[in-house]
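Okay, here's what each chain looks like letter by letter:
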Amino acid sequence: MDASTLERAGLQYDVTGPVATITLHRPDVRNAQTPRMWRALATLGAEIPDDVRVVVVKGSGHSFSAGLDRAMLDPANTSGEESVAGLLALSDAELSATIDDYQRGFTFLRDPRFVSIAAVHGYAIGAGFQLALSCDLRVVADDTQFCMKESALGLVPDLTGTKPLVECVGYARALEICATARMVGAAEAVDIGLAIAAVPVAELDASVADLAGALTAPMAGAVRETKALLQGAADRSLDEQRRLEREAQSRRFRELAALMGA
């Protein structure tokens, strides 16, 4: 995707070695999200090279993302941008298909080819929370505030955040967080399994870089196979998981043997 398209979508993209960094770059509105951004994220996700092993998602300025740009909910918005308010004019089938397109801007982060890390600081609200949840791992600054704001707007989380939230914190806590639309701070996020670490704001980038380095140290195939095994483990029977482990390990043995010239 060319730089001008990324800029119009409020995104920046950089690949350095095995690490790709996607930055939400609308700091003047706390990286509020738009349909244009979601579509660009989906396109960007499809273009990530196979040799990228870690994808970092972060926000510029003082927040990760304040969620949906409220201008997108205004029927009187005349910006010419695709708006969420415009969904009301669609049939049920068209509405579902459009939301499906938006969701693809989040689901690519679950691709087993790489490990995704959300580097979160400041507010991660609504769509921002769901984008962070789409990543495999979350490292948060100590000023982070998560909030699933949708219920306060009479809506539900629909950008693929409900499943990973339940997987992280369990059904009861996920329901409480979503239904009350309350804030979840950095310390609590670590305590309940939403984040793997909370660090001072000034140390966030370095901490994420250290984690990315650790994730790229093992062989790429081993990490990819492990991610694929773990992703669906909770939904599989023990016998099915055992079979998948055997198959993955066979592939690993074959690759190692080929590398050693056996």
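Attention here is on the structure that accompanies the text. (Residues numbered from 1 in each chain as written. Predicted model: local features only at pLDDT ≥ 70, side-chain atom pairs only at ≥ 80, totals over all residues. Heavy atoms only, no water.)

### Looking at the sheet that holds strand β1 (residues 11-16)
Within a beta sheet, neighbouring strands are joined by backbone hydrogen bonds and run either parallel or antiparallel to one another. This is how it is decided: Strands are labelled as partners when DSSP assigns at least two bridges between them. Only DSSP runs of H or I covering at least 4 residues are called helices, and only runs of E covering at least 2 are called strands; the numbering of each starts at the N terminus. A fitted line through C-alpha atoms represents every axis, and for helices the fit uses only the stretch in contact; the resulting angles, taken between N-to-C directions, go from 0 to 180 degrees. Contacts between residues were defined by any pair of non-hydrogen atoms, one from each residue, lying within 4.5 Å.
In spatial order, the strands read β1-β2-β3-β4-β6-β9; together these six strands make up an open sheet with mixed pairing. A single partner strand is all that each edge strand has here, and the edge strands are β1 and β9 (197-199). Strand-to-strand twist of the sheet, defined as the mean angle between neighbouring strand axes without regard to direction, takes the value 20 degrees. With six bridges joining them, strand β2 (residues 19-24) and strand β3 (residues 54-59) adopt parallel strand pairing. Paired with isoleucine 22 across the two strands is valine 57, which belongs to β3. Most of the contacts of helix α4 (residues 127-134) go to strand β4 (residues 115-120), to which it runs at about 145 degrees, and overall it touches β2, β3, β4 and β6 (137-141).

### Some points on the packing of helix α5 (residues 162-169) against helix α6 (residues 171-180)
For the record, the criterion: Any angle between 65 and 115 degrees counts as roughly perpendicular, while under 35 counts as roughly parallel, over 145 as roughly antiparallel, and the rest as oblique. Rotating anticlockwise by less than a right angle from the far helix to the near helix defines a left-handed crossing, while the corresponding clockwise rotation defines a right-handed one. Residue classes follow a fixed rule: Ala, Val, Leu, Ile, Met, Phe, Trp, Tyr, Cys and Pro count as nonpolar, while Asp, Glu, Lys and Arg count as charged, and any other residue, Gly among them, counts as polar.
At a closest axis distance of 7 Å, the pairing of α5 and α6 adopts a crossing angle of 125 degrees. One element, α5, and the other, α6, form an angle in the oblique class. You can see that α5 and α6 cross each other, and the crossing is right-handed. Residues Leu165, Val166 and Val169 of α5 pack against Tyr171, Arg173, Ala174 and Cys178 of α6. A per-class count over the contact of α5 with α6 returns six nonpolar, no polar and one charged.

### Examining the sheet that holds strand β8 (residues 184-185)
Taken in spatial order, the three strands line up as β5-β7-β8 in an open sheet, and their pairing is mixed. With partners counted over all chains shown, the strands left at the sheet margins are β5 (123-125) and β8, one partner each. Of the strand pairs in this sheet, strand β7 (residues 145-147) and β8 are connected by two bridges, and their pairing is antiparallel. In the strand pairing of β8, phenylalanine 146 is matched with valine 184. Against the sheet, α4 contacts β5 and β7, and its axis sits at roughly 95 degrees relative to β5.

### Structural notes on the nonpolar core
Cut-off, in case you're wondering: In these notes, a set of buried Ala, Val, Leu, Ile, Met, Phe, Trp, Tyr and Cys residues joined through side-chain atoms within 4.5 Å is what counts as a nonpolar core. The buried label goes to any residue with under 20% of its type's maximum accessible area, the exposed label to any with over 50%, and the partly exposed label to all in between, with areas taken from a 1.4 Å probe on protein chains only.
By size, the foremost hydrophobic cluster in this structure holds 47 residues, and its most contacted members are Leu11, Val55, Phe146, Leu165 and Leu194. Every residue in contact with phenylalanine 146, bar those within four places of it in the chain, is listed here: Val120, Ala124, Phe129, Ala132, Val140, Arg182, Met183, Val184, Ala189 and Leu194. Formed by 15 residues, the second largest nonpolar core is a distinct cluster that contains Val54, Val115, Ala119 and Ala141.

### Regarding the state of the cysteines
To be explicit about the condition: The criterion for a disulfide is a pair of cysteine sulfur atoms lying within 2.5 Å.
If you walk through the whole model with that rule in mind, you get zero disulfides. Sulfur of cysteine 168: no disulfide; nearest cysteine sulfur belongs to cysteine 135 and is 11 Å away. Here cysteine 168 falls in the partly exposed class, since its relative accessible area comes to 24%. With no disulfide partner, cysteine 178 has as its closest neighbouring cysteine sulfur the one in cysteine 147, 9.4 Å distant. A relative accessible area of 17% means that cysteine 178 is categorised as buried.

### Observations regarding the side chain of serine 83
Structurally, serine 83 is set in the loop between β3 and α3 (92-107). Setting aside anything within four residues of it in sequence, one finds serine 83 in contact with Pro35 and Met72.

### Section: the packing of helix α2 (residues 35-47) against α3
In a packed pair of helices, the relevant descriptors are the angle between the two axes and the axis-to-axis distance. In contact at an axis separation of 7 Å, α2 and α3 are set at 60 degrees when each is read in the N-to-C sense. Compared by their axis directions, α2 and α3 come out oblique. By crossing handedness, the relation of α2 to α3 is classed as left-handed. Here Pro35, Trp38, Arg39, Leu41 and Ala42 of α2 come into contact with α3, specifically with Thr98, Asp101, Tyr102, Arg104, Gly105 and Phe106. Residue classes in the contact of α2 with α3 are distributed as six nonpolar, two polar and three charged.

### Regarding the pattern of salt bridges
Formally: A carboxyl oxygen of Asp or Glu within 4 Å of a side-chain nitrogen of Lys or Arg is what we treat as a salt bridge.
Evaluation of the coordinates by the stated rule reveals 18 salt bridges. Aspartate 69 is the partner of arginine 26 in a salt bridge, and the nearest nitrogen-oxygen pair spans 3.1 Å. Of this pair, arginine 26 sits in the loop between β2 and α2 while aspartate 69 sits in the loop between β3 and α3; the two residues are 43 residues apart in sequence, bridging distant segments of the chain. On the basis of relative accessibility, which here comes to 22%, the residue arginine 26 falls in the partly exposed class. By relative accessible area, which is 14% here, aspartate 69 ends up buried. A salt bridge links glutamate 176 to arginine 182; its shortest N-O distance comes to 2.4 Å. Exposure remark for glutamate 176: the relative accessible area of 24% places this residue in the partly exposed category.

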